[in-house]
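Listed below, chain by chain, are the residues.
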Amino acid sequence: GAPSSAENILIHGISGSQQLAGVNASSALLDFLEYAGNGELVAFHAGFDRHFLDRALRRSLGCNTRGRWFDLALLLPVLVPDYQGQHLDDWLIRFGITPAQRHSALGDAAATAELLLIALARAQARGIEFNPKLVTLARSKAQEAGVKVDFVQGDIFKSDFRNADVITLYLLPSLNEKLIPKLKS
């Protein structure tokens, strides 16, 4: 294929000859799919990255990314409510992160990874389960995986969610519908 336009090369810094000497798109995408598997994918303004990757995957391989996407542009304002940065650079400045290189895949990925570490350190997770045996199992699995989660035995319909910033439900649709009014109050 042809290299990117001169304007695009100014942004990402990969010359036309470097692009032509690189791995073909299908091989690179297969390597990415093998690496990512069904794992979670993290990005800043993830919609852009997801659209770009899924379009390239559909064109080259007839598939899409498989994992769940987490968007730090949406999560960071929830975890750091006293600061409302809009752009990756805003958050890098907020936390004193100086990337080795901006607007390069590797540099931006490293900066995003540093922001993810900050987000994970600020996030608190709590699991509420009615069945005490499942609470014990969940605690064991979380400890095996090295995940910091507080699992408690309780009734979600009697639980206090006022301090929660993000709530994820793994319930039957009828139970979700029953719980929604409580979450909205």
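Analysis parameters
- Residues numbered from 1 in each chain as written.
- Predicted model: local features only at pLDDT ≥ 70, side-chain atom pairs only at ≥ 80, totals over all residues.
- Heavy atoms only, no water.
- Axes fitted to C-alpha atoms, helices over the stretch in contact; angles between N-to-C directions.
- Helix = DSSP H or I, 4+ residues; strand = E, 2+ residues; numbered from the N terminus.
- Left-handed = near helix turned anticlockwise from the far one by under 90°.
- Contact = heavy atoms within 4.5 Å.
- Nonpolar A, V, L, I, M, F, W, Y, C, P; charged D, E, K, R; others polar.
- Phe/Tyr/Trp six-rings, centres within 6.5 Å; stacked < 30°, edge-to-face > 60°.
- Buried < 20%, exposed > 50% of the residue type's maximum accessible area, 1.4 Å probe, protein only.
- Core = buried A, V, L, I, M, F, W, Y, C linked by side-chain atoms within 4.5 Å.
- Expected span 1.5 Å × (residues − 1).
- Arc of directions from axis to C-beta.
- Polar contact = N/O pair within 3.5 Å; in protein donor to acceptor, adjacent residues only side chain to side chain.
- 1 Å grid on protein atoms, 1.4 Å probe; cavity = no way out; pocket = protein on both sides within 12 Å on 5 of 7 lines; lining within 4 Å.
- Points joined across faces, edges and corners; volume = space filled by probe spheres on them.

Undergrad: I keep staring at the packing of helix 3 (residues 25–36) against helix 4 (residues 46–61) and nothing clicks. Help me out?
TA: When two helices pack together, you describe them by how their axes are tilted relative to each other and by the distance separating the axes. Axis separation between helix 3 and helix 4 bottoms out at 10 Å; the angle between their running directions is 115°. Handedness of the crossing formed by helix 3 with helix 4: left-handed. Packed against helix 3, whose contacting residues are Ala25, Ser26, Leu29, Leu30, Phe32 and Leu33, the element helix 4 presents Leu53, Ala56, Leu57, Ser60 and Leu61 at the interface. Taken together, the residues of the contact of helix 3 with helix 4 break down into 9 nonpolar, 2 polar and no charged.

Undergrad: It is not clear to me how unusual backbone geometry should be interpreted in this structure. Could you clarify?
TA: For residues besides glycine, phi is generally negative; the peptide bonds are generally trans as well. With phi around 60°, His45 is a residue other than glycine that occupies positive phi space. Tracing the backbone through its elements, the reader meets His45 in the loop between strand 1 (41–43) and helix 4.

Undergrad: Sorry, what's going on with the packing of aromatic side chains here?
TA: Given two aromatic rings, one states the distance between the centres and the angle between the planes to describe the pair. One pass over the full model with this rule turns up 2 aromatic pairs. Ring geometry for Tyr83 against Trp91: centres 4.9 Å apart, planes inclined by 80°, an arrangement best described as edge-to-face. Since its relative accessible area comes to 0%, Trp91 is described here as buried. Summarising the aromatic geometry, the rings of Trp91 and Phe95 are spaced 6.1 Å apart at their centres and angled 20° between planes, so their arrangement reads as stacked.

Undergrad: Would you explain the nonpolar core in this entry?
TA: Among soluble globular proteins, nonpolar side chains are generally buried collectively. Membership of the largest hydrophobic core comes to 13 residues, with the highest contact counts inside it found for Phe44, Leu72, Leu76, Trp91, Leu92, Phe95 and Leu115. When residues of this core are traced back to their parent elements, those giving at least two are helix 5 (72–79), helix 6 (88–94) and helix 7 (105–122). When neighbours within four sequence positions are excluded, Phe95 is seen to be in contact with Val80, Leu115, Ile118 and Arg122. One finds Ala36, Leu41, Ala56 and Trp69 within the second-largest nonpolar core, a separate group that totals 10 residues.

Undergrad: Before we go on, may I ask you to explain helix 3 in this structure?
TA: The α-helix advances 3.6 residues per turn, and as a result positions three or four apart in sequence lie on the same side. If you check helix 3, its first and last C-alpha atoms are 16 Å apart, about what 12 residues at 1.5 Å a residue would give, namely 16 Å. Of the residues making up helix 3, those classed as buried are Leu29, Leu33 and Ala36. Angular distribution of buried residues about the axis of helix 3 spans 75°; they occupy a single face of the element. Exposed positions of helix 3 whose direction lies more than 90 degrees from the buried face are Glu34 and Tyr35. Measuring from the side-chain oxygen of the N-cap residue of helix 3 to the backbone nitrogen of Ser26 gives 3.1 Å; that N-cap residue is Asn24.

Undergrad: I would appreciate a short explanation of the layout of surface pockets in the present structure.
TA: A probe as big as a water molecule, rolled over the atoms, marks out the empty space that is left. Of the voids in this model, the largest pocket is the one considered here, and its volume is about 2,300 Å³. Along its surface, the largest pocket is lined by 48 residues, and Asp49, Phe52, Leu53, Ser104 and Ala105 are the ones closest to its centre. Elements represented by at least two residues in the lining of the largest pocket include exactly helix 1 (6–12), helix 2 (16–21), helix 3, strand 1, helix 4, helix 6 and helix 7. Residue contributions to the lining of the largest pocket peak at 8 residues, all from helix 4. Estimated volume of the second largest pocket: approximately 2,000 Å³. Lining the second largest pocket we find 43 residues, and of these Gln124, Ala125, Arg126, Val166 and Thr168 sit closest to its centre. Taken together, the elements giving at least two residues each to the lining of the second largest pocket come down to strand 2 (69–71), helix 5, helix 7, strand 3 (126–129), strand 4 (150–153) and helix 9 (173–184). Partitioning the lining of the second largest pocket into residue classes produces 26 nonpolar, 6 polar and 11 charged.

Undergrad: I keep staring at the environment of Leu57 and nothing clicks. Help me out?
TA: Relative to the helices and strands, Leu57 is located in helix 4. Taking the relative accessible area as the measure of exposure, Leu57 reaches 0% and is therefore buried. Between the C-alpha atoms of Leu57 and Ala25, which are 32 residues apart in sequence, the distance is 9.1 Å. If near-sequence neighbours (up to four positions away) are discounted, Leu57 is found in contact with Leu29, Leu33, Gly62, Cys63, Asn64 and Thr65.

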